[in-house]
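Working through the structure, step by step
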Amino acid sequence: MGTLKTARHRGAALALLLPVIIGVAGCGTGEKAEAGKAVYGLPLAEQFQAATDATREAGTAAFVSTLTYGAAGGDAVHEAKGTQDYGRGTAIAELGLTAGRHFPADELEFLRETAPDGKQSVATAEDDVYVRPGDDSAWLRYTPEAVNELGETTGVVAAHAAGDTAPYSGTLADLVPRVIPREKPERREDGSRVYRVTALPEVAAELLPRNLQSLQHDWGTESVQLTVRLDVEGRLASATADLGPVLARLHEQKVLVEVKGLRASYRLSAFGEPVKGKGPEVGGRPVEDAGKVLAPIGTLDDGRCATTADTGLGTTAVVRPVDCEDRHDLRVVAQVRIDRTLPGDHGTVDADSYAERPCGRAVAAVPHEWLRGGRYEEGYSYVGTSEVTVSTAAGRTDTTVAGDYTCYVRAS
């Protein structure tokens, strides 16, 4: 009997509380609807800009940004995952490139030129970008001045500097306020809205790594399809883009020909929660100025040694000069200049091939002590830039090939 009495008593208590709970829930729903009104109450063409403002007003957010290359053998994915503080203009993220076992090997090697092997941490603080290639590495600080001094190769990290939209740039978040919705969004049960919009191909191409962007200057006229979802409060929750039209233009340049699909995605969560991850201001790791410890390889003297392992760039164009007695990746043999004029129109000539012969002669002539001890691989490599110019004058057409190259040998 006592048990039955207790049960009846609890049931009465629940009956008394139920109207109160319902009242609170109704109030919460009203508050969310009112919060979203700052975005959804505006004309359609103004909603994406308002959503960007509402997202920033959240203070902080976690994000995941991906660029997925689809092929018959599986996918390769560039991913950036981290948190950002809109008020401070800072972000901390972990970057990496992963690929399925059967993703085309040649295409994967090409993609690795845009992303160093393994994971690396990237932090942003307004115009500065910090890179830490490994847990035991120092932070490298890339200021705008360092980027200008070291050259366009640093674009792989400079692209993530804090922008007007978010503290971590180079994602779909940058594109959303530049797109104007034309059709009313689909309203979901949770109060969120889904928009289907289009972007200009040259705008969508800004999502690509810098070395891919530089391969094409005409991205055509076919629009890129985007799907954008705003949450109940009008904040950016996610965005996806089918970059097929952009990929098609890369195929015309014989680039990533075995990649059959290219997609970008961006997701935000944990609005207003404390940011996670240890940036350069915490954790006790030293901070180095990239402009002082790195150098373009084309500025190194003959015989100088350098490493590419801890620059965060994944390239030989910018290196860290080191003593040749220390661990290094390469040794500079010579800096050579090519300047050849060919009769006729050779606008499609491979300019790099003209550096091979002078580099070969330079390697054959190096002092024996530079290469002794068996610490270097057979052969040599070269890196540089060149320009091919076709000109016609007095009825004669000539092609000029000119450029500067660094010849080097790799350490074993």
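Described below are features of the structure shown in this document. (Residues numbered from 1 in each chain as written. Predicted model: local features only at pLDDT ≥ 70, side-chain atom pairs only at ≥ 80, totals over all residues. Heavy atoms only, no water.)

**Some thoughts on the sheet that holds strand β15 (residues 318-322)**
Basically, it comes down to this: By this definition, two strands are paired if DSSP reports at least two bridges between them. Secondary structure elements follow DSSP: runs of H or I no shorter than four residues count as helices, runs of E no shorter than two count as strands, and numbering proceeds from the N terminus. Only heavy atoms matter for contacts: two residues are in contact if any of them lie within 4.5 Å across the pair. Lines fitted to C-alpha atoms define the axes, with helix axes restricted to the stretch in contact, and inter-axis angles between N-to-C directions lie between 0 and 180 degrees.
Read across the open sheet, the six strands follow the order β13-β15-β14-β16-β18-β17; overall the sheet is antiparallel. If you trace the sheet from one side to the other, it starts and ends with β13 (295-296) and β17 (381-393), each paired once. Inspection of the sheet shows β17 paired to strand β18 (residues 396-410) by 13 bridges, in the antiparallel sense. Paired with Ala 393 across the strands is Arg 396, a residue of β18. Taken strand by strand, helix α11 (residues 356-364) contacts β16 (330-343), β17 and β18, and its axis lies near 140° from that of β16.

**What about the packing of aromatic side chains?**
Threshold: Note on ring pairs: Phe, Tyr and Trp rings are taken, using the six-membered ring of Trp, and paired if centres are within 6.5 Å. Classes follow the plane angle, with under 30 degrees stacked, over 60 edge-to-face and the rest tilted. For a Lys NZ or an Arg CZ to count as sitting over a ring, it must be within 6 Å of the ring centre and within 35 degrees of the ring normal.
This structure, assessed with the given rule, holds four aromatic pairs. Across the ring face of Tyr 40, the terminal group of Arg 193 is positioned such that the distance to the ring centre comes to 3.7 Å.

**Re the pairing of strand β9 (residues 224-230)**
Which entries qualify depends on this criterion: Relative accessible area decides the class of each residue, using a 1.4 Å probe on protein chains only: under 20% of the type maximum gives buried, over 50% gives exposed, and in between gives partly exposed.
Of the two faces of β9, the one holding Val 224, Leu 226, Val 228 and Leu 230 is buried and the one holding Gln 225, Thr 227 and Arg 229 is not buried anywhere. The sheet contact formed by strand β8 (residues 193-199) and β9 spans seven bridges and is antiparallel. Bridge pairing links Arg 196 to Thr 227 in β9. Pairing between β9 and strand β10 (residues 236-242): six bridges, direction antiparallel. Bridge pairing links Leu 226 to Ala 241 in β10. Between β9 and β10, which pair antiparallel and follow one another directly, the connecting turn spans five residues, one of which, Gly 234, has a positive phi of 85°.

**With respect to unusual backbone geometry**
Non-glycine residue Lys 254 carries a positive phi angle of around 60°. Along the polypeptide, Lys 254 turns up in the loop between α9 (244-252) and β11 (259-269). Judged by relative accessible area, which is 70%, Lys 254 ranks as exposed. Backbone geometry at Ala 270 places phi at a positive 50°, although glycine is not the residue there. With respect to the helices, strands and loops of the structure, Ala 270 is situated in the loop between β11 and β12 (287-289).

**Re a negative patch on the surface**
Test applied: The patches described consist of residues with a relative accessible area above 30% and no salt bridge, like charges being joined within 9 Å and nonpolar side chains (Val, Leu, Ile, Met, Phe, Trp, Tyr) within 5 Å. For the accessible areas, the method is Shrake-Rupley and the probe is 1.4 Å, while residue cover comes only from the protein chains on display. Salt bridges are defined by distance alone: a side-chain nitrogen of Lys or Arg within 4 Å of a carboxyl oxygen of Asp or Glu. The charged-residue count follows a simple rule in which Lys and Arg add positive charge and Asp and Glu add negative charge, with His and chain termini not counted at all. To locate a charge, take NZ of a lysine, CZ of an arginine, CG of an aspartate or CD of a glutamate.
On the surface, a cluster of negative charge is contributed by Asp 106, Glu 109, Glu 113 and Glu 258. When you line up the elements, Glu 258 lands in the loop between α9 and β11. Given the relative accessible area of 42%, Glu 258 is considered partly exposed.

**Topic: the pattern of salt bridges**
Charged atoms that come close allow side chains of opposite charge to pair. Under the counting rule described, the total for this entry stands at 13 salt bridges. One salt bridge connects Arg 320 with Glu 288, and the closest N-O pair in it is separated by 3.0 Å. With Arg 320 in strand β15 and Glu 288 in strand β12, this pair connects stretches of sequence that are 32 residues apart. On the basis of relative accessibility, which here comes to 26%, the residue Glu 288 falls in the partly exposed class. Residue Arg 396 is joined to Asp 398 by a salt bridge in which the shortest nitrogen-to-oxygen separation is 3.0 Å. Look at Arg 396 and you get partly exposed, because its relative accessible area is 48%. The structure contains a network of salt bridges with shared partners spanning Glu 186, Arg 188 and Arg 196.

**Some words on the side chain of Thr 55**
By the element assignment, Thr 55 lies in helix α2 (residues 47-57). What makes Thr 55 buried here is its relative accessible area of 4%. Discounting residues that sit within four places of it in the chain, Thr 55 has contacts with Tyr 86, Arg 235, Leu 236, Leu 268 and Phe 271.

**Looking at α11**
The line we're drawing: Along the arc lie the directions from the helix axis toward the C-beta atoms.
Among all positions of α11, only Pro 358, Cys 359, Ala 362 and Val 363 are buried. The arc enclosing the buried residues of α11, seen along the axis, measures out at 140°, which places them on a common side. For α11, the exposed residues set more than 90 degrees away from the buried face come down to Arg 357, Arg 361 and Ala 364. Buried residues in α11 make contact with β16, β17 and β18.

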